[in-house]
Amino acid sequence: MSTIEKKPLDWSKLGFAYTKTDKSYVCNYKNGAWEEGGLTSEHSINLSECAGILHYCQEVFEGLKAYETKDGHIVTFRPDLNATRMMNSAHALQMPEFPKEKFLEAIDAVVKANASYVPPHDSGASLYIRPFMFATGNVIGVKPADEYQFRILTTPVGPYFSGGIKPLKLCVSDYDRAAPRGTGNIKAGLNYAMSLHAYMKAHKNGFDENLFLDPATRTFVEETGGANFLFVTQDNEIVTPMSDSILPSITRRSLVDVAERYLGLKVTCRRITLAELGDFKECGLCGTAAVIAPVAKVVNGNHEIIFDDCQTQMGPVLKQLYDTLVGIQHGTIEAPEGWIRRIL
Ligand SMILES: *Cc1c(COP(=O)(O)O)cnc(C)c1O
């Protein structure tokens, strides 16, 4: 039970933005090994102008949340999966892996140190946790750096939909998010850098997000810039795209488990063509930020694909999935073994 006094923040006014908290976690990699690492009150970084991150973009990151449960504990949701995913991302960019146990202990320490910033249970807000790692060593000829920094910042954030749920409008992007056999399946800043132009263009045209197609054939649905898709068929089955260039969302993998184990729904992970999207009655985006965000329509040039059950709110099947997972995260529904890590 946490008896920590909360900061005097207006939790209901928080958006998804950076608010400095008391402590960050920092750990440096030098001479082939990670140092001890620990908490810091210094929230700025002093870097060499020749640091590898600034030239060849060696950077990977993660995102998860700490919540206050109904009975007053502070918990994180499946942080072990963030640890392993970050190790995979680092490996793909020729960076040292940050050890899993050290990662979990670092998350615990930084959340504990900022416990007064974890929003109250009933606020809908949470403490967002952003682990990231980047090349600090000097690099001028193209090669991996020999020094790195792993850091975790935390920041309190509001609910994804603050003024009530508003189904999203997507457009099929003219651009590709990731190359076949490229970096689409790792969580790296570089995948976002090159999606920003497409993102701003979609916004300018009145859309919330881009739907990206498979870059090789532009036939199959992949994901948006930062969330995976779930679809509901006319028979209340769940279908989710399969592709090597989709980022393996922890929320999506958890929702698939919830669908099968808690709700007895059939789930299929397969290639999904753009042409068949009109057959589905619900469409949702899943990720840590919103858990599920309903999609009202996908626009492809002058063709509109409408998801009938997601026009004004989340469709009933997605809503059931959402309520169950959020209940698990907030401690009102019993969680599968190992899903909830209690910090306080
Ligand atoms: C982080 C991310 C997601 C969502 O993953 P979660 O683990 O559920 O938060 C989906 N797509 C991309 C491209 C991402 O970077």
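For the structure, check the block above.
Definitions and limits used
- Residues numbered from 1 in each chain as written.
- Predicted model: local features only at pLDDT ≥ 70, side-chain atom pairs only at ≥ 80, totals over all residues.
- Heavy atoms only, no water.
- Near = heavy atom within 4 Å.
- Polar contact = N/O pair within 3.5 Å; in protein donor to acceptor, adjacent residues only side chain to side chain.
- Areas by Shrake-Rupley, 256 points an atom, 1.4 Å probe, with all protein chains shown as cover.
- Nonpolar A, V, L, I, M, F, W, Y, C, P; charged D, E, K, R; others polar.
- Helix = DSSP H or I, 4+ residues; strand = E, 2+ residues; numbered from the N terminus.
- Expected span 1.5 Å × (residues − 1).
- Buried < 20%, exposed > 50% of the residue type's maximum accessible area, 1.4 Å probe, protein only.
- Phe/Tyr/Trp six-rings, centres within 6.5 Å; stacked < 30°, edge-to-face > 60°.
- Lys NZ or Arg CZ within 6 Å of the ring centre and 35° of its normal.

A.B. asks: How would you sum up the site of the ligand? Please name residues and give values.
C.D. replies: Around the ligand, the structure places 15 residues, and the nearest of them are K187, Y192, S249, T251 and T288. At a separation of 2.9 Å, an oxygen atom of the ligand approaches a polar side-chain atom of R85. Contact distances for the ligand include 2.9 Å between an oxygen atom and a backbone N or O atom of I250. Burial of the ligand by the protein chains amounts to 96% of its free accessible area of 390 Å². Among the residues making up the shell around the ligand, the classes are represented as 4 nonpolar, 7 polar and 4 charged.

A.B. asks: Quick rundown of helix α6 (residues 250–261)? Include the residues and the values.
C.D. replies: Between its first and last C-alpha, α6 extends 16 Å over 12 residues, near the 16 Å set by a 1.5 Å rise per residue. Of all 12 residues in α6, 9 are buried, a share of seventy percent or more. All of the buried residues along α6 are I250, T251, R252, S254, L255, V256, D257, V258 and A259. For α6, the capping residue at the N-terminal end is S249, with a side-chain oxygen 3.2 Å from the backbone nitrogen of T251.

A.B. asks: Tell me what's going on with the packing of aromatic side chains, and back it up with residues and numbers.
C.D. replies: All chains considered together, the criterion is met by 14 aromatic pairs. Ring geometry for Y25 against F150: centres 6.0 Å apart, planes inclined by 75°, an arrangement best described as edge-to-face. Taken together, the residues span a long stretch of sequence, with Y25 in strand β1 (residues 24–30) and F150 in strand β8 (residues 148–157) at a distance of 125 residues. Residue Y25 shares its accessibility class with F150, and that shared class is buried. A ring pair is formed by Y160 and F161, whose centres lie 4.8 Å apart and whose planes are at 85°; its orientation type is edge-to-face. Owing to a relative accessible area of 18%, F161 belongs among the buried residues under this scheme. Here the basic side chain of R271 rests over the ring of F220, its NZ or CZ set 4.1 Å away from the ring centre.

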